[in-house]
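Residues per chain, in single letters:
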Amino acid sequence: MDLVVAIARWLSDPAHWQGTEGIAARLGEHLLLAAAALAIAGVIGLGAGIRIGHTGRGANVAVNLANLGRALPTLAVMAIVVPITAGIDSELGFKVYPAIIGLVVLAVPPILVNAYTGISGVDRDMVEAGRAAGMTEGQVLRSVELPLAAPVIFTGLRSATSQVIATATLAAIFGGPGLGRFLVDGYAQLDYPQMWAGVILVAALFAVVELAFALLQRAITSPGVNSGYVLASPDHRSGTVRGEAA
Amino acid sequence: MRKFRMLALGASVLVLFGACSTGGGGKPTLKIGSDGFDEARVVAEVYAQVLEKNGYTVDRAGIGLGTRDATNAALFSGQIDMKPEYIGSGAAKLGGQKTSDPAKNQQELQRVLNDKAITVFGYTPGEDTNALVVKKATADQYHLSKWSDLTPIATQLKWGLATDCKTSPVCAGALKDAYGIDYAQLQVTPLDACSADMDSALQNDTVQVAELCSTGPEILVNGWVLLEDDKKTQPADAIAPIIRNDWLAKTDKAAVQGILDPVSAKIDTATLADLYKQVSVDKKDIKDVARAWLSAQGFLPAAS
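Cut-off values and rules
Residues numbered from 1 in each chain as written. Chains lettered and ligands numbered in written order. Predicted model: local features only at pLDDT ≥ 70, side-chain atom pairs only at ≥ 80, totals over all residues. Helix = DSSP H or I, 4+ residues; strand = E, 2+ residues; numbered from the N terminus. Buried ≥ 20, exposed ≤ 12 C-beta atoms within 10 Å, placed from the backbone. pLDDT = per-residue confidence, 0-100. Contact = placed C-beta atoms within 7 Å. Expected span 1.5 Å × (residues − 1). Core = buried A, V, L, I, M, F, W, Y, C linked by C-beta atoms within 7 Å. Domains from an automatic or database assignment. Pairing = 2+ DSSP bridges. Axes fitted to C-alpha atoms, helices over the stretch in contact; angles between N-to-C directions.

Draft legend 1. Layout of the overall build of chain A. When helices and strands are counted, chain A shows 11 helices and zero strands. Start at the N end of chain A and walk to the C end: the helices and strands fall as α-α-α-α-α-α-α-α-α-α-α. Based on the C-alpha atoms only, the size of chain A along its principal axes is roughly 65 × 40 × 30 Å. For chain A, the residues scored as buried account for 46% of the 246 residues in total.

Next up, the structure:
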């Protein structure tokens, strides 16, 4: 009970919200870090996933590679790249780039696998009907496959975003920015209110982002399309799709 | 009937006897913990192996636990029973006086640990102190040889300090009180002190002043410059095992001290630096390093 009061007091202290080490600044850093990683992972994952889903070529290689990425702990990726990136940029290469690279490796698999599964899972009859109607490949992709696959693709993005928001806390281990600072410093200083405040802030951010995604998903999904109708429903947690093998 | 009663009496006497023997002179499992960096871990491992040799069971889960805040919390709450402690910094952390005399530091550490019901055993002749280290090029550029030289340029430099520095009396406290360097004004990258990350940050110029351990092998290996703590703020940090009294009460305290003190007495500064280097630079297995040293000193039979 004392701890709850202490956490509430820590969070409500205006001094903890201001300045370069305040909550507002750390929140901004955290979002920037996550956004950078997701933007890169989005380009890679969507680009490769959609292409593979559409052409059907290289699916095995890409999906297995993505799953390999899933097996790599983010912290290990960071530790491996630190000596390389720090040699390129002493400041960001140590504190920021390793975290971004680690998060990209984390975020690509759910994005890529869902994009591939979403596109390749679209009913072949509908794709053929599009072609029969004289659509170019680009039109088939844009007008048939993407709208139908959107819910599954979106679920991949959402899953990746959730994981990145939570995992971006690791940046602090290498002296980096973000909400993880409260966790790492709070633990080192045995300042439990600070540590728990960090946990609560990350959880709250996670909840807000999830909610935003849910609303966005509802808004952008074409009328008549829902994840129950088109395809096997994706397992949201792990980012894999049930029935993927079949 | 009579016979039965005799048996029952006999059995209960046996039970009582048994209870007594485990109460006073048993060899209960000892949960050992340590700070997170390699030197503290290898010293903890040395103590662990010599106790195992003498029939104790050791739980190593707490070795490498983290900062002093974390290991203290674990020790005071009984999650671990023992850890090697740097006696000067350890005393200072709990509000004791720190000096450059290890005997005084040991007394002071015992004084502040009395109400935690923890006993300090004999300390090592070897010492490791908190050090501020810069690259040769930085030392040349700013003419740095001692901590006072940092004061006028403190805010221009990038500092790598321990994650618990901000709240530590021997770190942020000493910098401010003795050197007029205000932690809050510095550009700090918080990292684990004496860690590979801290080495890497200095190596890659992410930081220019790094908090390392004076016995740290990377200082010599890389030709870095160890700045002199000219105001003598850093305590003489010899190492001593500190153990919970409730664990000692379950065993023969004098015997445990008789096992550990001779080992501590053999750990000089060169030994600390060497053990640290073997683990941290040569990447040898921590158990092998500890076993080899104990064997060489005659505490364990020579390796087969």
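Moving on from the model shown.
Draft legend 2. Inspection of the confidence of the model for chain B at higher detail. On average, residues of chain B score 90 in pLDDT, and 91% of them reach the 70 mark or higher. Note that residues 13-23 of chain B has pLDDT below 50 and, in this model, two contacts with residues that lie over four places away or in other chains.

Draft legend 3. Structural view of helix 2 (residues 38-53) of chain B. All names here are of chain B. Over its 16 residues, helix 2 extends 22 Å from the first C-alpha to the last, a length consistent with the 22 Å expected when each residue adds 1.5 Å. In terms of burial, helix 2 is a largely internal element, 14 of the 16 residues being buried. Directly after helix 2, the chain includes G55, whose backbone phi takes a positive value near 95°.

Draft legend 4. The arrangement of the environment of B:A184 in detail. Along the chain, the position of B:A184 falls in the loop between helix 7 (169-179) and strand 7 (187-191). When the C-alpha positions of B:A184 and B:T215 are compared, they lie 28 Å apart, and in sequence the two are 31 residues distant.

Draft legend 5. Focus on unusual backbone geometry. All names here are of chain B. Of note, D205 is a non-glycine position whose phi angle comes to about 65°, a positive value. With 18 C-beta atoms counted inside 10 Å, the residue D205 sits in the partly exposed group. Look at K283: it is not a glycine, yet its phi comes out positive at around 60°. Along the polypeptide, K283 turns up in the loop between helix 12 (269-280) and helix 13 (286-296).

Draft legend 6. Focus on the nonpolar core. Membership of the largest hydrophobic core comes to 142 residues, with the highest contact counts inside it found for A:A37, A:A107, A:V164 and B:Y47. A per-element tally of this core places helix 6 (residues 97-120) of chain A first, with 16 residues. Per-domain counts for this core show at least three residues from each of domain 1 (9-127 + 237-296) and domain 2 (130-226) of chain B. Sequence-distant contacts of A:A37, defined by excluding residues within four places in its chain, comprise A:I100, A:L103, A:V104, A:A107 and A:V164.

Draft legend 7. Local environment of the sheet that holds strand 8 (residues 209-213) of chain B. Residue and element names in this part refer to chain B. Read across the sheet, five strands follow the order 7-6-8-5-9 without closing on themselves; strand pairing throughout is mixed. Since the sheet does not close on itself, it has two edges, and those belong to strand 7 and strand 9 (225-226), each with one partner. Note: strand 5 (residues 130-134) against strand 8, five bridges, orientation antiparallel. Each bridged residue has a counterpart across the sheet, and for V134 the counterpart in strand 8 is V209. Across the sheet, helix 8 (residues 196-203) lies against strand 5, strand 6 (158-162), strand 7 and strand 8, angled at about 145° from strand 8, the strand it touches most.

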